[in-house]
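Analysis of the macromolecular model
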Amino acid sequence: MLQPMHNIPARGGIDYDESPFLAIWEITQSCDLACKHCRAAAQPLPHPDQLSTEEGKQLIDQIAAMHIPIFVFTGGDPLKRADVYDLIRYAASKNVHVAVTPSATPLLTREAIFKLKEAGLVRLGISLDGSTPEIHDKFRGMPGAWARTIQAIEWANEAGIPIQVHTTISRHNAGDLDNLCALFEKLAIVMWNVFFLVPVGRGQLGDLLSGEEFEKVFGKIYELSHRVNFQIKTTEAMHYRRYLIQHNLEERKFAHGHGHPGSVPRPTEYEPGAPTADAAARTKAWATRRVNDGKGFMFISHVGNVYPSGFLPIHAGNVRETPLAEIYRNAPIFKALRDTSRLEGKCGACEFKEICGGSRARAYALTGDPLSQEPCCIYQPRNWHPKAEEHSSALCQPQQTTSIAV
């Protein structure tokens, strides 16, 4: 997810039943990379039925009418569309703030980056999945991708475009987080968005971390958030909010002489302080944004199909047939996902469900039910009996015997 340059509205400033906080448009499925985790299973050639330039502008008009704070062009590779600059320029004319997530291919030149800036781009999101070429290039399926990524970040800095780096965490790189952050400190990024694998598209179940390994990575992210100079955000790891809140409250109690590091409070609500210039404080502020698949979030495919998430392929309508606002507000899958009373298993019983709610996409990918419990969460709610989760938790067990150091 990308955060534009303007201020994020305060929590409660957006009614998620009426409008999302974030909308992502897959402007093309075409891409020259073959990334191992690719949600879209992107292809070199564009789909013949992808939304036209005029249809894209009509979509932007609807985004503007819904006052959605964050609008992202993704793919595939957005630079595979020749009209991407015209679309950004049109969005800027409608006061829609666009961020773009291009692929690190030979199309991502210095000229292209400066042209994106001139068109009105507010943030560049780029993927970096390893601190070394060996890790990243293997993950991305193209030699030289790491070097092109580093070069693109340097060009974006030169152009004055804020940079957000995306990293998909899996078994290939879970032990590389310290080295990644050391690299990010040198690259002058503003946000690190940590994606946790959902096994869809090319994403493989064997690359998925276990629930225990999720917690280890959470601990590393929490530690890093207190010593890096950029904001850290997670995607498809809603239970990191629970982890962050628990440890924040635990530290607060310990600092005041109450409790000890082993005691974990179980709040039913959490109100953050106002965001500050401190990266850790801004990271904590994201914990109560409460965005989830279909709840403050929607995804529009290259052919206009609307989904609760790019990782949750349950079709809710098409913008060629139904207004975007009507789909978001009234489609049965969107309404179900926004109703936490319908969550099943321990997610339904959890005292953190309003803040977290678990990854609905991962629940669907592993169980076929988008309302089932988060398969990769080991937290035991106060009123939950562990035996009831045996089947679901077995779906998120390590796929190999070697442990992952983080």
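Let me sum up the structure you'll find in this document. Computed from a prediction, not measured in an experiment: that's the story for all the values here.

**Describing the overall build of the protein chain**
When helices and strands are counted, the protein chain shows 14 helices and 10 strands. When each of the 406 residues of the protein chain is scored for burial, the buried share is 59%. By sequence separation, contacts in the protein chain at least 24 residues apart represent 73% of the contacts at least 6 residues apart. Carbon and sulfur atoms provide 53% of the accessible area of the protein chain, an area that totals close to 16100 Å².

**Considering the sheet that holds strand S5 (residues 163-169)**
Where strands meet in a sheet, backbone hydrogen bonds hold them as pairs that are either parallel or antiparallel. The 10 strands lie next to each other as S7-S6-S5-S4-S3-S2-S1-S8-S9-S10, forming an open sheet whose pairing is mixed. Each end of this open sheet is capped by a strand with a single partner; those strands are strand S7 (231-235) and strand S10 (317-318). Strand direction decides the pairing type here: strand S1 (residues 22-26) and strand S2 (residues 70-74), joined by five bridges, are parallel. By the bridge assignment for S2, Leu22 is matched with Ile70. Its contacts with the sheet put helix H5 (residues 145-159) on strand S4 (123-127) and S5, and the angle it makes with S4 is roughly 165°. Contacts from helix H7 (residues 211-225) reach S5, strand S6 (191-196) and S7 within the one sheet, and its direction differs from that of S6 by about 175°.

**Describing the pattern of salt bridges**
Working definition: two side chains of opposite charge can pair if their charged atoms are close together. Inspection of every chain in the model, using the stated rule, returns 15 salt bridges. Between Asp178 and Arg227 there is a salt bridge, with the nearest N and O atoms lying 2.7 Å from each other. Highlighted residues: Asp178 in helix H6 (residues 177-187) and Arg227 in the loop between H7 and S7, separated in sequence by 49 residues. With relative accessibility at 32%, the residue Asp178 sits in the partly exposed group. Through salt bridges with shared partners, a single network forms among Asp178, Lys220, Glu223 and Arg227.

**A word on the packing of aromatic side chains**
In this structure the tally under the stated criterion is 13 aromatic pairs. With 5.3 Å between their ring centres and 85° between their planes, Trp25 and Phe73 make a pair best called edge-to-face. Within this pair, whereas Trp25 is found in strand S1, its partner Phe73 is found in strand S2, the two being separated by 48 residues in sequence. On the basis of relative accessible area, Trp25 is assigned to the buried category, the value being 0%. Look at Phe73 and you get buried, because its relative accessible area is 0%. Between the aromatic rings of Phe214 and Phe218, the centroid separation amounts to 6.0 Å while the plane-to-plane angle is 90°, which identifies the pairing as edge-to-face.

**Considerations on helix H13 (residues 360-367)**
If you check which residues of H13 are buried, you get Arg360, Ala361, Arg362, Ala363 and Leu366. Note on H13: the residue one or two positions beyond its end, Gly368, has a positive phi of about 85°.

**Notes on the nonpolar core**
By size, the foremost hydrophobic cluster in this structure holds 105 residues, and its most contacted members are Phe71, Phe73 and Trp192. The dominant element in this core, judged by the number of residues it contributes, is H5, at seven residues.

**Thoughts on unusual backbone geometry**
Following Gly75, the chain continues to Gly76 via a peptide bond in cis, the omega torsion being 20°. With respect to the element layout, Gly76 can be found in the loop between S2 and helix H2 (84-93). Its identity as a non-glycine residue notwithstanding, His67 has a phi of 55°, on the positive side. Of note, His67 is situated in the loop between helix H1 (53-65) and S2. Among the residues examined, His67 registers a relative accessible area of 67% and is labelled exposed. At Asn95, a residue that is not glycine, the phi angle is positive and equals roughly 65°. Counting through the fold element by element, Asn95 comes out in the loop between H2 and strand S3 (98-100).

**Points about the environment of Ala188**
As for its position among the elements, Ala188 is in the loop between H6 and S6. Of the residues examined, Ala188 reaches a relative accessible area of 46% and is grouped as partly exposed. A C-alpha to C-alpha distance of 9.6 Å links Ala188 and Gln164, two positions 24 residues apart in sequence. Those residues within four positions of Ala188 in sequence are excluded, and the remaining contacts are Asn157 and Ile163.

**Quick notes on the environment of Gly296**
Counting through the fold element by element, Gly296 comes out in the loop between helix H9 (279-286) and strand S8 (297-300). Classification of Gly296 by relative accessible area gives buried; the value is 0%. For the pair Gly296 and Tyr328, spaced 32 residues apart in sequence, the C-alpha separation works out to 9.3 Å. With near-sequence residues (within four places) excluded, Gly296 lies in contact with Tyr16, Pro20, Phe21, Leu22, Val291 and Tyr328.

Cut-offs used in this document
- Residues numbered from 1 in each chain as written.
- Predicted model: local features only at pLDDT ≥ 70, side-chain atom pairs only at ≥ 80, totals over all residues.
- Heavy atoms only, no water.
- Helix = DSSP H or I, 4+ residues; strand = E, 2+ residues; numbered from the N terminus.
- Buried < 20%, exposed > 50% of the residue type's maximum accessible area, 1.4 Å probe, protein only.
- Contact = heavy atoms within 4.5 Å.
- Areas by Shrake-Rupley, 256 points an atom, 1.4 Å probe, with all protein chains shown as cover.
- Pairing = 2+ DSSP bridges.
- Axes fitted to C-alpha atoms, helices over the stretch in contact; angles between N-to-C directions.
- Salt bridge = Lys/Arg side-chain N within 4 Å of Asp/Glu carboxyl O.
- Phe/Tyr/Trp six-rings, centres within 6.5 Å; stacked < 30°, edge-to-face > 60°.
- Core = buried A, V, L, I, M, F, W, Y, C linked by side-chain atoms within 4.5 Å.

Note that all results are geometric; they support no functional claim without further evidence.
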